[in-house]
There are 4 protein chains.
Amino acid sequence: MSTFGKNIKVSVFGESHGEAIGAVIDGVPAGFEIDMDKVLVQMARRAPGKDKTATPRLEKDFPRVMSGILNGVTTGAPIACVIENTNTKSADYSNLLENPRPGHSDYTAFVKYGGNNDIRGGGHFSGRLTAPIVFAGAVLRQILEKKGIKIAAHISSIGNVYDSRFDGAEISDELIDTLNNSAFSLVDGSVEEKMRETVESARKDGDSVGGTIECAVVGMPIGVGGPLFSGIEGEISKAVFGIPSVKGIEFGAGFDSAHRRGSENNDAFEYKEGKVVTKTNNCGGILGGISNGMPIIFRAAIKPTPSISKQQETVNLKTKENTTLSVKGRHDPCIVPRAVPVIEAAAAIAIFDMLG
Amino acid sequence: MSTFGKNIKVSVFGESHGEAIGAVIDGVPAGFEIDMDKVLVQMARRAPGKDKTATPRLEKDFPRVMSGILNGVTTGAPIACVIENTNTKSADYSNLLENPRPGHSDYTAFVKYGGNNDIRGGGHFSGRLTAPIVFAGAVLRQILEKKGIKIAAHISSIGNVYDSRFDGAEISDELIDTLNNSAFSLVDGSVEEKMRETVESARKDGDSVGGTIECAVVGMPIGVGGPLFSGIEGEISKAVFGIPSVKGIEFGAGFDSAHRRGSENNDAFEYKEGKVVTKTNNCGGILGGISNGMPIIFRAAIKPTPSISKQQETVNLKTKENTTLSVKGRHDPCIVPRAVPVIEAAAAIAIFDMLG
Amino acid sequence: MSTFGKNIKVSVFGESHGEAIGAVIDGVPAGFEIDMDKVLVQMARRAPGKDKTATPRLEKDFPRVMSGILNGVTTGAPIACVIENTNTKSADYSNLLENPRPGHSDYTAFVKYGGNNDIRGGGHFSGRLTAPIVFAGAVLRQILEKKGIKIAAHISSIGNVYDSRFDGAEISDELIDTLNNSAFSLVDGSVEEKMRETVESARKDGDSVGGTIECAVVGMPIGVGGPLFSGIEGEISKAVFGIPSVKGIEFGAGFDSAHRRGSENNDAFEYKEGKVVTKTNNCGGILGGISNGMPIIFRAAIKPTPSISKQQETVNLKTKENTTLSVKGRHDPCIVPRAVPVIEAAAAIAIFDMLG
Amino acid sequence: MSTFGKNIKVSVFGESHGEAIGAVIDGVPAGFEIDMDKVLVQMARRAPGKDKTATPRLEKDFPRVMSGILNGVTTGAPIACVIENTNTKSADYSNLLENPRPGHSDYTAFVKYGGNNDIRGGGHFSGRLTAPIVFAGAVLRQILEKKGIKIAAHISSIGNVYDSRFDGAEISDELIDTLNNSAFSLVDGSVEEKMRETVESARKDGDSVGGTIECAVVGMPIGVGGPLFSGIEGEISKAVFGIPSVKGIEFGAGFDSAHRRGSENNDAFEYKEGKVVTKTNNCGGILGGISNGMPIIFRAAIKPTPSISKQQETVNLKTKENTTLSVKGRHDPCIVPRAVPVIEAAAAIAIFDMLG
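Now for a quick tour of the structure. All values derive from a computational prediction rather than experimental measurement.

Thoughts on the relation of the copies chain B and chain A
For the match of chain B to chain A, the screw axis carries a shift of 0.0 Å, the RMSD comes to 0.0 Å, and the turn is 180°. Such values leave the two copies arranged in the relation of a two-fold axis.

This is how it looks when you write it as structure tokens:
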């Protein structure tokens with residue numbers, strides 16, 4: 001299903017080339033001011049058409065709020081937003097029901113929905129559905145900020161070009177602010193050019209490229225989460241894997257910790273300015289599934305965009321023969337930059353839900 | 001919370017040195033034969049004390065079934081099992097409330113539970129709580145097998161020693177069977193000695209070491225899972241992160257796909273013996289969150305056991321001063337071998353829940 | 001929250017005088033034809049302004065389907081509908097934040113939402129929010145009908161005027177069809193005049209009147225539901241109490257059975273045309289929480305509309321003094337006739353969810 | 001399923017004549033003292049064998065706490081209790097798989113579970129399963145009491161003998177205390193004899209008799225619950241219909257309000273000792289699904305015990321012929337007195353879950 005949460009319910013609807021997409025956020029408490037301009041900034045970070053890393057498809061993506069916010073303040077009723085689909089070119093997708101695109105949901109959706117799903121533009125599986133997720137996250141993170149919790153992510157790698165990682169023990173408000181307002185979020189801005197070259201090179205080859213995104217949640221109260229199936233890692237994963245193209249997630253040292261000894265990986269405790277902190281943050285701010293007050297750090301692996309114009313092998317489901325295919329239409333050679341605010345939104349949704 | 005699932009509810013209870021641990025599995029359909037000997041094999045794979053990689057603590061870990069199975073057949077009522085705690089040495093843990101062990105839940109649990117949690121042996125956070133998870137998985141996978149679904153995992157790495165990965169496109173029944181009955185599950189048995197040396201070397205240093213586990217779910221029907229928040233990746237992650245010490249998960253090519261181009265990462269479709277298959281399995285059997293009929297493949301990162309006898313820095317929560325600590329007691333220098341059946345169990349629980 | 005269900009999620013949003021109201025129905029399988037004319041019939045049955053029992057407020061209440069239905073067939077994606085609020089007269093409600101109306105949610109909502117809720121027209125608590133519920137029910141019942149399950153309700157009483165009850169053992173398709181297409185659904189049409197007189201008499205007095213609605217679900221497969229907290233009674237109740245003004249529910253003989261002996265109340269089994277049936281249906285088609293194949297029968301108590309023009313005692317929350325109030329504006333003196341399709345919709349939603 | 005709750009999970013397991021019954025209560029916060037003697041009092045109120053209204057079957061029903069309580073204080077881990085089944089006489093039930101008892105779950109369970117369910121003593125459908133529900137309620141209500149919330153119920157009717165109803169506006173601590181410690185809870189003790197005669201008369205006739213139970217939750221904070229599907233009525237109903245034999249529930253004036261006019265049914269607000277109260281409590285303490293600070297009042301209808309020794313008509317599922325049956329064994333002619341603490345427990349579970 002396309003609904004997330006226990007204490008809140010975020011219900012995402014819509015198909016890429018249908019009437020509209022949107023989301024309902026049920027369970028948001030009343031009395032919080034929501035700055036709609038800040039919401040639009042987040043949606044703009046995700047919006048396509050800003051530069052060569054993104055699809056040239058232009059959308060307005062203006063979220064019309066149907067309920068739940070009155071005079072800029074949450075009313076306690078579900079917050080519903082609708083984003084009309086205005087710029088749709090459906091002719092491109094006509095033969096996809098027959099020839100599933102490798103790396104896409106075409107084949108699995110065809111089997112699951114018996115051919116009744118809306119294939120145009122990927123339908124409900126389209127990356128476009130991340131727009132309402134960003135909307136939901138942009139609303140919820142404003143409330144989290146009033147509780148002292150900030151969320152920031154950056155492109156940690158594209159192809160083999162790496163940004164610096166967060167210093168897990170110390171992430172400044174300035175850095176968070178810069179990342180939150182950037183369309184190409186980086187800790188070390190100097191790698192941007194190389195990353196763009198990597199994307200451009202793939203684009204010229206009719207190909208695409210993947211990457212990773214690192215995200216930090218700063219200001220978490222100690223004691224959120226719980227043992228076994230209520231751990232923070234599981235909750236965030238459930239939300240983050242809800243984003244198309246995510247194929248891996250790791251917390252703190254993550255897969256690196258698998259190569260380490262305990263003496264290297266354990267984070268020493270110390271008192272600092274009267275507070276218990278850890279000297280390092282290999283645990284990503286989570287011990288026993290519960291927040292320890294340090295930044296929560298995770299990285300998500302984003303696979304290369306499956307839509308490529310290079311010729312690929314596929315099958316014809318009608319003739320039951322092998323065939324080839326080249327994906328036409330407007331596609332991002334690399335979705336990682338635009339996925340940064342989506343990852344932040346998923347984190348915001350998960351954290352909000354956990355805080356109850 | 002310690003309860004998992006939507007269509008089934010697996011509720012795990014108990015504290016390491018309390019009266020008993022156990023699980024209730026609610027929602028299992030009636031009429032399935034359960035071979036209790038097969039359940040005991042899985043529990044034995046997880047049980048400690050088998051060799052030098054594991055703690056010498058001896059336990060019987062015999063699961064007493066209280067309800068839900070009559071004459072070896074499921075009755076439709078919740079299946080409850082109780083495992084008595086018999087061999088507990090609590091004196092070892094007396095000062096942990098004051099001096100939290102690095103890498104453990106001691107500090108976060110102390111804050112969350114206000115010092116009321118049962119600290120003895122890690123209480124509800126103990127690795128011992130994975131015994132009822134294995135029980136639940138061992139019951140559910142027998143039902144999955146009747147539907148043609150098999151699950152097998154192996155130690156894919158310990159420290160820097162690697163086992164061969166699964167061939168994602170083809171995993172034989174023989175291999176599955178071998179892995180399912182091994183206490184040190186490997187695809188390529190020749191690496192066992194090196195792995196054991198790695199563990200033994202850590203043990204001698206009063207240290208520990210981490211690793212990774214790779215798991216395959218073979219025989220999945222096509223069309224299970226769904227878009228956005230109902231994807232298979234999210235469901236499996238929620239269960240797998242329920243296992244203490246897991247800090248990362250990736251599906252198919254996972255983090256490797258972040259370095260790739262789409263043309264390398266997309267899995268070509270082809271007709272093979274009348275069925276649509278993919279030539280490679282970089283997607284780990286999941287496209288758009290939905291199973292495509294190929295084996296579901298994931299890898300979990302297991303951090304090194306935090307309990308080490310080497311001296312570590314910590315704090316005294318009473319005196320509010322920095323101090324040091326050396327963890328005494330019986331601990332595994334590497335929990336990866338014993339975690340293999342636990343990962344399989346978590347996968348079984350998640351898959352069973354998804355099948356509805 | 002305003003979200004219902006486990007296997008489906010029905011998320012209702014909107015405020016009476018806000019931009020729009022609507023619903024998202026997540027989890028509806030693909031491939032079912034939905035006749036939108038039939039949906040409109042159900043919405044028309046609930047719509048106000050048809051006669052003197054209803055408010056003269058005219059609305060178009062046209063549900064715009066945003067996603068999930070393509071060319072009249074469900075696509076498997078969430079079905080979202082938006083109903084614009086066009087005919088709103090908000091001036092009437094200006095002083096309600098200060099003087100809560102007896103019998104309304106004004107006071108409890110004021111406390112819960114700290115005065116931030118949208119009070120206009122009752123906001124999210126308005127009976128208008130039952131329109132999207134009817135939409136959801138009208139879609140889902142078409143799918144249920146394809147599985148042989150029909151749902152029909154009637155006004156079983158208004159004030160002290162009673163309709164005949166369903167014959168629990170035998171409900172004809174003709175009766176179901178008649179009830180499903182009536183704006184004043186009765187088993188025995190001859191009581192309509194007396195019922196209308198009762199309503200009209202209350203209206204003339206500036207007062208209102210309550211009633212009961214009886215609902216039948218015919219064609220249920222045997223074996224749906226389950227023991228303890230998964231019983232059909234609980235599931236239907238959860239949905240039916242979701243409708244404003246419902247204050248009681250009973251299944252089969254319900255409260256009457258409390259006066260009976262077991263020998264009167266037990267339903268004798270017999271073989272009839274090769275099928276096991278019961279001679280009577282005091283259990284309302286439910287034994288041990290599970291359907292027995294007989295019609296599921298329940299009755300809901302609807303309290304009199306709290307909005308009355310008669311003077312009532314209330315408090316002024318600002319001055320903290322007692323005061324009086326007369327509710328102005330357009331209100332139904334009896335909502336029971338319009339509530340009939342809403343009860344049917346709630347039953348459809350609950351049954352659909354239970355069928356998984 | 002046999003699991004209840006969102007913020008807590010109460011998972012009830014066991015079969016009447018199996019190894020044991022019990023419950024796991026997941027999600028209880030740490031640090032609350034639990035007086036086990038008070039728990040035993042509640043279990044004793046439910047226990048059979050006290051007098052002629054109850055079955056002579058003697059049970060110890062001693063709940064062994066496996067986890068979650070250490071030195072009388074909740075630890076934050078799931079609270080698990082196991083009650084061994086010691087006094088089981090299974091021979092009585094041998095032919096029930098063939099001849100389903102009218103009014104019982106025998107037939108529906110047979111169809112649902114394909115004959116694999118444990119039929120002995122009713123298996124998982126047995127009234128005995130209410131013992132762990134009472135255990136769970138008895139634990140949770142002690143925590144509720146620390147928050148100022150008290151719960152009390154009484155037999156409001158047996159057959160046609162009625163106790164006085166609660167004065168919904170004012171329920172004294174003394175009355176609550178008396179009811180909570182009685183095995184035959186009545187507001188007006190003088191009706192006990194007539195009620196016992198009604199039961200005894202049914203017993204002598206080889207028959208049984210039903211009744212109603214009225215329950216009050218006093219001290220509810222204002223603002224608990226919510227609109228539509230999160231109303232208090234729905235939450236309590238879901239828990240109360242989880243109790244076998246409940247066939248109806250009403251809140252406040254309930255079905256009576258269906259006969260009334262709004263001017264009679266609306267509860268006037270007034271300031272009393274600086275607090276907003278209502279003069280009457282026809283709404284049962286709930287407006288718009290939300291608590292208004294007055295006692296929450298509901299009544300549940302309990303059907304007559306279906307097990308009667310009188311001859312009844314049934315079918316033989318093997319021969320497919322009509323036949324007759326007389327239920328032998330030990331059965332309560334009226335379960336209403338013993339159901340009082342069960343209703344209180346269900347209310348406690350529902351309220352606790354709602355408070356989050």
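Things to note about the environment of B:G5
Structurally, B:G5 can be placed in the loop between β1 (3-4) and β2 (9-14). For the pair formed by B:G5 and B:E273, sequence separation is 268 residues and the distance between their alpha carbons is 36 Å.

A look at the packing of helix α1 (residues 36-46) of chain C against helix α3 (residues 130-146) of chain C
All names here are of chain C. Relative to each other, α1 and α3 sit at 140°, their axes nearing to 9 Å. Between α1 and α3, the angle is such that the two are oblique. Relative to α3, the crossing made by α1 is right-handed. Listed contacts from α3 to M36, K38, V39, Q42, M43 and R46 of α1 are T130, A131, V134, F135, A138, V139, R141, Q142 and E145. Counted by class, the contact of α1 with α3 contains 8 nonpolar, 3 polar and 4 charged residues.

As for the interface of chain B and chain D
At the junction of the two partners, chain B supplies 41 residues and chain D supplies 41 residues. Taking both partners together, chain B and chain D bury about 2,900 Å²; carbon and sulfur atoms supply 60% of that area. Connecting chain B to chain D are 4 salt bridges. A salt bridge links B:R64 to D:E84; its shortest N-O distance comes to 2.8 Å. At the surface where chain B touches chain D, the tally comes to 16 residue pairs in polar contact (both at pLDDT 80 or more). Counting only elements with at least two residues in the side of chain B that touches chain D, the list comes to β2, β3 (20-26), β4 (64-67), β6 (73-74) and β7 (79-84) of chain B. Per-element accounting of the side of chain B that touches chain D gives the leading share, 5 residues, to β2(B).

Examining helix α3 (residues 130-146) of chain D
Residues and elements named next belong to chain D. Between its first and last C-alpha atoms α3 spans 24 Å; for 17 residues at 1.5 Å apiece the expected length is 24 Å, and the two agree. Counting buried positions along α3 yields 15 of 17 residues, so the element is predominantly enclosed. Count one or two residues on from α3 and you reach G148, which has phi positive near 85°.

Points about the pairing of β3(B)
All names here are of chain B. Of all the 7 residues making up β3, 7 are buried; the element is thus mostly covered by neighbouring parts of the structure. Neither face of β3 is exposed, since A20, G22, V24 and D26 on one face and I21, A23 and I25 on the opposite face are all buried. Both β2 and β3 contribute to a ladder of 6 bridges, which runs antiparallel. Its bridge partner lying in β3, F13 is registered against G22. Linking β2 back to β3 in an antiparallel pair, the connection comprises 5 residues. Strand direction decides the pairing type here: β3 and β7, joined by 6 bridges, are antiparallel.

Structural notes on helix α4 (residues 173-180) of chain D
Residues and elements named next belong to chain D. Regarding α4, the residues found buried are I176, L179 and N180. Projected onto a plane normal to the axis of α4, the buried residues spread over an arc of 95° and lie on a single side. For α4, the secondary structure elements touched by its buried residues are α1 (36-46), α3, β8 (150-158), β10 (211-218) and α8 (336-355).

Comments concerning the packing of helix α3 (residues 130-146) of chain B against helix α8 (residues 336-355) of chain B
Residues and elements named next belong to chain B. The contact between α3 and α8 brings their axes to 8 Å, and the two run at 55°. The orientation of α3 relative to α8 falls into the category oblique. The hand of the α3/α8 crossing is left-handed. Of the residues in α8, those touching α3 at T130, I133, V134, A136, G137, L140, R141, I143 and L144 are P341, V342, E344, A345, A348, I349, I351, F352 and L355. Counted by class, the contact of α3 with α8 contains 14 nonpolar, 2 polar and 2 charged residues.

Criteria and thresholds
- Residues numbered from 1 in each chain as written.
- Chains lettered and ligands numbered in written order.
- Predicted model: local features only at pLDDT ≥ 70, side-chain atom pairs only at ≥ 80, totals over all residues.
- Heavy atoms only, no water.
- Least-squares fit on C-alpha atoms with pLDDT ≥ 70 in both.
- Helix = DSSP H or I, 4+ residues; strand = E, 2+ residues; numbered from the N terminus.
- Axes fitted to C-alpha atoms, helices over the stretch in contact; angles between N-to-C directions.
- Parallel < 35°, antiparallel > 145°, perpendicular 65-115°, else oblique.
- Left-handed = near helix turned anticlockwise from the far one by under 90°.
- Contact = heavy atoms within 4.5 Å.
- Nonpolar A, V, L, I, M, F, W, Y, C, P; charged D, E, K, R; others polar.
- Buried area = accessible area lost by both parts, 1.4 Å probe.
- Salt bridge = Lys/Arg side-chain N within 4 Å of Asp/Glu carboxyl O.
- Polar contact = N/O pair within 3.5 Å; in protein donor to acceptor, adjacent residues only side chain to side chain.
- Expected span 1.5 Å × (residues − 1).
- Buried < 20%, exposed > 50% of the residue type's maximum accessible area, 1.4 Å probe, protein only.
- Pairing = 2+ DSSP bridges.
- Arc of directions from axis to C-beta.

These results come straight from atomic positions and should not be treated as a statement about function.
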